[in-house]
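Coordinate inspection notes
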Amino acid sequence: MNTQPTMTKEGGPTDDNGGTSQSLGAHGSHGAPGQDGLKAGLKNRHLSMIAIGGVIGAGLFVGSGAGIAAAGPAILLSYALVGVMVVFVMRMLGEMAAARPSSGSFSAYADQALGRWAGFTIGWLYWFFWVVVLAVEATAGAKILEGWIPAVPQWGWALIVMVVLTATNLASVASYGEFEFWFAGIKVVAIGAFVVIGLLAVFGVLPGSDNPGAGLAHLTDSGGFFPMGTGAVLTGVLMVVFSFMGSEIVTLAAGESADPQRAVTKATNSVIWRIAVFYLGSIFVVLTLLRWDDKAILEKGSYVAALDSIGIPHAGQIMNVIVLTAVLSCLNSGLYTASRMAFSLGQRGDAPRAFARVNKRGVPKAAILSSVVFGFVAVFFNYKWPDTVFAFLLNSSGAVALFVWLVICVTQLRMRGMILREQPEKLVVKMWLFPYLTWATIAMITFVIGYMVFDGGDNRQQVVLSLGVAALVLVIGLVKDRIQKRSAQPEIPAQKS
């Protein structure tokens, strides 16, 4: 039997089914577009919008009301603190991604800088996080669609949404980019319009507005800026931190663009204004249009309540359209992200080799389908056992965002020296005040994790369960690494006595 691989037009070896299969080895990195078999199908406009829209999840629209109720106007400080943390983490990740673009992003960098056990652990945890997110977002989208067309049951809508977006991702990376361009574009335009119209109403210059135009008075007229005490700022941090997850997606997607270094540099440099406008700007508008303790914020949702106060008709349905767009965007990106992480793990030998094969369109079909299968299973758990099995999945992945950010920081501490020794000309994006700000960010993330443990309730459960799952994956990674090292060692022949 001929065991030599044949070559495709794309230049990669093919498996028996016509898919390309390449491995990077233990510490490989695929810097050039197409080098790993993936096609550079994402255009600059795709990556720009992925970068802009990546920080806007459905959590911003749906979950902000609970944060406002818990901290009052001081929730602005909670968003600012987490925003600063994310800016620093993205700067560190941008430094590494610009120098060594990879579809495995921080998992591949942890593999190189800390060891295979680190890349294996954080890669699988990240994949697990996004697979659970698929179920959450599919259910959220299905609820909105069922409200519009009740003839189709909720599970039917979840199935339709998952199938459509799976087909999009299987078609080509350009299809994913095009869908995400429009999904993210709608979110960006919607929030931009909300901020502008809201500010005009705040200062009483919006024609026909029902809002009294109180200016900045609502920030202090109901118990002051800290109505729940200064400690509520930290409680707010715990409530908003997970709505920022997704900023790192652009560094995974950059590996499938024509100029990954430029894309990563641009995304990293723009993260500050993106967080300032979309998060701080929109929450500031809500808090200045309404008193923080207005019951409508929790009953209707913060954005719907704000639109109602201006007098915009059908505000609830308008926001449902925007939330549905955010949900579909998150689903689309979650499927893409999970599949690319599985692809990278397959390349490095930390997942089945089938995950590392791409078809003639440069799409990792097996990695996509395996992620979808687990996503469907999670959706089933959500419908069948929402308060037991799915609650466990949700809580056990809840703190993964913080673990990912922590690993990025620790990896960058070592990766900076490696890049300077091996490719100093690639260090085009640099972390500010290295290594002091890196250590400060590590301290911030560690403090948040510790505060979650001592805060009790759901936060403690999330950290404990997430740490338990992380420990299990870590043990598997260490055992796997040790077995591979032993099998790689040459046998020493026994000496004759």
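The structure we're discussing is the one just above.
To start, this report covers the structure provided alongside it. (Residues numbered from 1 in each chain as written. Predicted model: local features only at pLDDT ≥ 70, side-chain atom pairs only at ≥ 80, totals over all residues. Heavy atoms only, no water.)

**So, empty space enclosed by the protein**
Basically, it comes down to this: A cavity here means a set of points on a 1 Å grid, drawn over the protein atoms and nothing else, where a 1.4 Å probe fits but cannot get out; a pocket is an open set with protein on both sides within 12 Å along at least five of seven lines, and a residue lines either one if it has an atom within 4 Å of a point. Grid points are joined across faces, edges and corners, and a volume is the space filled by probe spheres set on the points. Secondary structure is summarised from DSSP: a helix means a run of H or I of at least four residues, a strand means a run of E of at least two, and numbering begins at the N terminus for each. Three categories are distinguished: nonpolar for Ala, Val, Leu, Ile, Met, Phe, Trp, Tyr, Cys and Pro, charged for Asp, Glu, Lys and Arg, and polar for the others, with Gly belonging to the last.
According to the stated counting rule, one finds two cavities of 30 Å³ or more in the structure shown. Approximately 40 Å³ is the volume attributed to the largest cavity. Taken together, Arg116, Trp117, Phe120, Asp350, Gly477, Lys480, Asp481 and Gln484 make up the full set of residues lining the largest cavity. Secondary-structure elements contributing two or more residues to the lining of the largest cavity are helix 5 (116-148) and helix 18 (457-488). Ranked by the residues each element gives to the lining of the largest cavity, the list is headed by helix 18, at four residues. Across the lining of the largest cavity, the residue classes break down as two nonpolar, two polar and four charged. Its volume calculated, the second largest cavity comes out at about 30 Å³. Those elements that provide at least two residues to the lining of the second largest cavity are helix 3 (75-99) and helix 16 (400-422). Ranked by residue count, the leading element in the lining of the second largest cavity is helix 3, at four residues. Class assignment of the residues belonging to the lining of the second largest cavity gives a composition of six nonpolar, one polar and one charged.

**Quick notes on the packing of aromatic side chains**
Put simply, the rule is: Each pair of aromatic rings taken from Phe, Tyr and Trp, with Trp reduced to its six-membered ring, is defined by centres within 6.5 Å and is described as stacked if the planes are under 30 degrees apart, edge-to-face if over 60, and tilted in the remaining cases. Note on geometry: a ring has a charge over it if NZ (lysine) or CZ (arginine) is within 6 Å of the ring centre and within 35 degrees of the ring normal.
Summed over the entire model, instances satisfying the criterion amount to 19 aromatic pairs. Note on Phe179 and Phe183: the rings are 5.9 Å apart at their centroids and 70 degrees apart in plane angle, and the pair reads as edge-to-face. Taken together, the residues Phe179 and Phe183, both in helix 7 (residues 173-202) and four residues apart, mark about one turn of the helix. Ring pairs connect the aromatic residues Phe106, Tyr126, Phe129 and Trp130, which therefore count as one cluster. Geometry around Phe181 places Arg45 over its ring, the cationic atom sitting 4.7 Å from the centre. The side chain of Arg416 reaches across the aromatic face of Phe434, ending 4.3 Å from its centre.

**Concerning the environment of Ala70**
Our working rule: Only protein chains enter the accessibility calculation, which uses a 1.4 Å probe. A residue is then buried if its area is under 20% of the maximum for its type, exposed if over 50%, and partly exposed in between. Any two residues whose heavy atoms approach within 4.5 Å at even a single point are treated as in contact.
Turning to its location among the elements, Ala70 is positioned in helix 2 (residues 58-71). Note on Ala70: relative accessible area 22%, which makes it partly exposed. Separated by 166 residues in the primary sequence, Ala70 and Gly236 place their C-alpha atoms 6.7 Å from one another. Setting aside chain neighbours within four positions, we find Ala70 in contact with Met228, Ala232 and Met239.

**Side note on the packing of helix 4 (residues 105-113) against helix 5**
The cut-off we apply is this: Here the axes come from fitting lines to C-alpha atoms, over the contacting stretch only for helices, and the angles between their N-to-C directions go from 0 to 180 degrees. Roughly parallel covers angles under 35 degrees, roughly antiparallel covers those over 145, roughly perpendicular covers 65 to 115, and oblique covers all other angles. Handedness of a crossing follows from how the near helix is turned relative to the far one, being left-handed for an anticlockwise turn of less than a right angle and right-handed for a clockwise one.
At a closest axis distance of 6 Å, the pairing of helix 4 and helix 5 adopts a crossing angle of 165 degrees. On the basis of their axis angle, the class for helix 4 and helix 5 is roughly antiparallel. Where helix 4 crosses over helix 5, the two elements pack in a sense that is right-handed. Here Phe106, Ser107, Ala110 and Asp111 of helix 4 lie close against helix 5, whose contacting residues are Arg116, Ala118, Gly119, Ile122, Gly123 and Tyr126. Taken together, the residues of the contact of helix 4 with helix 5 break down into five nonpolar, three polar and two charged.

**A closer look at the layout of surface pockets**
A volume near 1300 Å³ is recorded for the largest pocket. Of all elements in the fold, only helix 1 (44-53), helix 2, helix 5, helix 7, helix 8 (232-240), helix 13 (315-347), helix 15 (389-396) and helix 18 reach the threshold of two or more residues within the lining of the largest pocket. Per element, the largest residue contribution to the lining of the largest pocket is 10 residues, and it comes from helix 5. Class assignment for the residues of the lining of the largest pocket results in 24 nonpolar, 18 polar and five charged.

**Observations regarding the nonpolar core**
Just so we agree on the cut-off: For the purposes of this section, nonpolar cores are sets of buried Ala, Val, Leu, Ile, Met, Phe, Trp, Tyr and Cys residues that join through side-chain atoms within 4.5 Å.
With 159 residues, the main nonpolar core has Phe61, Phe106, Trp130, Val404, Trp405 and Ile408 as its most contacted residues. Ignoring sequence-local partners within four residues, the contact set of Val404 consists of Phe106, Ile122, Tyr126 and Met245.

**Some details on the packing of helix 3 against helix 16**
At a minimum axis separation of 9 Å, helix 3 and helix 16 run at an interaxial angle of 40 degrees. Taken as axis vectors, helix 3 and helix 16 run oblique relative to one another. In the crossing of helix 3 with helix 16, the sense of the turn from one axis to the other is left-handed. Facing Met85, Val86, Val89, Met92, Leu93, Glu95, Met96 and Ala99 of helix 3, the residues of helix 16 in contact are Trp405, Ile408, Cys409, Thr411, Gln412, Met415, Arg416 and Ile419. Of the residues contributing to the contact of helix 3 with helix 16, the split by class is 12 nonpolar, two polar and two charged.

**Thoughts on unusual backbone geometry**
A cis amide bond links Phe434 to the next residue, Pro435, at an omega of 0 degrees. Mapping Pro435 onto the fold places it in the loop between helix 16 and helix 17 (436-455). Phi at Leu433 takes a positive value of approximately 45 degrees, unusual for a residue other than glycine. When you line up the elements, Leu433 lands in the loop between helix 16 and helix 17.

**Notes on helix 4**
The buried count for helix 4 comes to nine of nine residues, which makes it a mostly enclosed element. Buried within helix 4 are the following residues: Ser105, Phe106, Ser107, Ala108, Tyr109, Ala110, Asp111, Gln112 and Ala113. Check the buried side of helix 4 and you find it contacts helix 3, helix 5, helix 9 (249-253), helix 13 and helix 16. Just downstream of helix 4 lies Gly115, where phi reads positive at about 130 degrees.

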